[in-house]
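What the coordinates show
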Amino acid sequence: MRSLVGLAAIVAAATVYLYLLSTHLPPGPKHVQPGSEGEDEGVEEYRLKFPSDLDELRELAETLKFYKREHHGYVLLLFCSAYLYKQSFAIPGSSFLNMLAGAIFGPWEGLVLACLLTTTGSTFCFLLSSAFGKQHVVQVFPEKVALLQRKVEENRSSLFFFLLFLRFFPMTPNWFLNITCPVLNIPMPIFFFSVLIGLIPYNFICVRTGSMLSKISSLDDIFSWGTLAQLLAIALMALLPGALIKWYGKAHLKVDGMDINGPSQADIKQDRKRQ
């Protein structure tokens, strides 16, 4: 009970902090509509909202980049806080935030930011699970934890590469790995660097996509030589590390019985018989 109360207190405090941060924005930049008459007419303050299509994503990116010119530190703090909040409490949505990072901060700064925030947030999630949620994770996911524990023990001699394999090929969700690794007694340094390195291709794809989408204004832009070259680079970045890890995994790792949606039913039944 104490663990749940402590975790709830941390979540509540972080939620209040993020709410206050997002509702006390400094004065934003003004946009004067062309053709307006008078000093006050046609002056429109930008309002932020979550995009639902390509046009809104581009508009949001332009708004935040324009806002960032006067309040770079605040935009960076707000983005980092939102990302760490999401990642620390295992809330889905990293792909959208990675795309937004690419659109706002550019492909390379956005990639570095996304990698650092993903790793830091996952480490916070690891620590929260270790401090407050071990027994609850086992109670809620007993069969999946048992199977993952068996796979970890089978690959203990190549533990780092096994964790890299799971990050490159998400046979189990990243959030589940984050909360389960403390239960599996994964050392913190191995966990940290497996997240940092293992999610680089995923972060690169999302960030680069966000950077490209913010610059595309028509379908013709998609089929330009520059855009096609970037898409090819994204594909190679995604496939090459994964191919190397897959080749290594076939020779050194034992991952039979795990699929993209988690443990297979056959292995779960086998674990039940062993118990």
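The coordinates are above.
What you see is a predicted model, and the numbers here were worked out from it, not measured in a lab. (Residues numbered from 1 in each chain as written. Predicted model: local features only at pLDDT ≥ 70, side-chain atom pairs only at ≥ 80, totals over all residues. Heavy atoms only, no water.)

1. Concerning the overall build of the chain
The secondary structure content of the chain amounts to 13 helices and four strands. Counting every position in the chain, which comprises 275 residues, the buried fraction comes to 41%. A sequence separation of at least 24 residues applies to 77% of the contacts in the chain between residues at least 6 apart. Carbon together with sulfur atoms contributes 65% to the accessible area of the chain, which is approximately 15,500 Å² in total. (Helix = DSSP H or I, 4+ residues; strand = E, 2+ residues; numbered from the N terminus. Buried < 20%, exposed > 50% of the residue type's maximum accessible area, 1.4 Å probe, protein only. Contact = heavy atoms within 4.5 Å. Areas by Shrake-Rupley, 256 points an atom, 1.4 Å probe, with all protein chains shown as cover.)

2. Some thoughts on the side chain of Ser194
Tracing the sequence through the fold places Ser194 in helix α9 (residues 188–198). Assessed through its relative accessible area of 1%, Ser194 is described here as buried. A polar contact is formed between the side chain of Ser194 and the backbone oxygen of Phe191, at a distance of 2.8 Å. Apart from residues lying up to four places away in sequence, Ser194 is in contact with Phe160, Leu163, Leu164, Arg167 and Leu199. (Polar contact = N/O pair within 3.5 Å; in protein donor to acceptor, adjacent residues only side chain to side chain.)

3. A look at the pattern of salt bridges
For the structure shown, the criterion picks out three salt bridges. The salt bridge involving Lys151 is made with Glu154; its shortest N-O contact spans 4.0 Å. Of the two residues, Lys151 and Glu154 both sit in helix α6 (residues 142–154), three residues apart, roughly one turn of that helix. Residue classification places Glu154 among the partly exposed residues on the basis of a relative accessible area of 32%. For Arg156, the salt bridge is made with Glu153, and the minimal N-O distance between the two is 2.8 Å. Classification of Glu153 as partly exposed rests on a relative accessible area of 43%. Sharing partners across several salt bridges, the network here consists of Arg150, Lys151 and Glu154. (Salt bridge = Lys/Arg side-chain N within 4 Å of Asp/Glu carboxyl O.)

4. Details of α9
For α9, the full list of buried residues reads Phe191, Ser194, Val195 and Gly198. Axial view of α9: buried residues confined to an arc of 95°, hence all on one face. (Arc of directions from axis to C-beta.)

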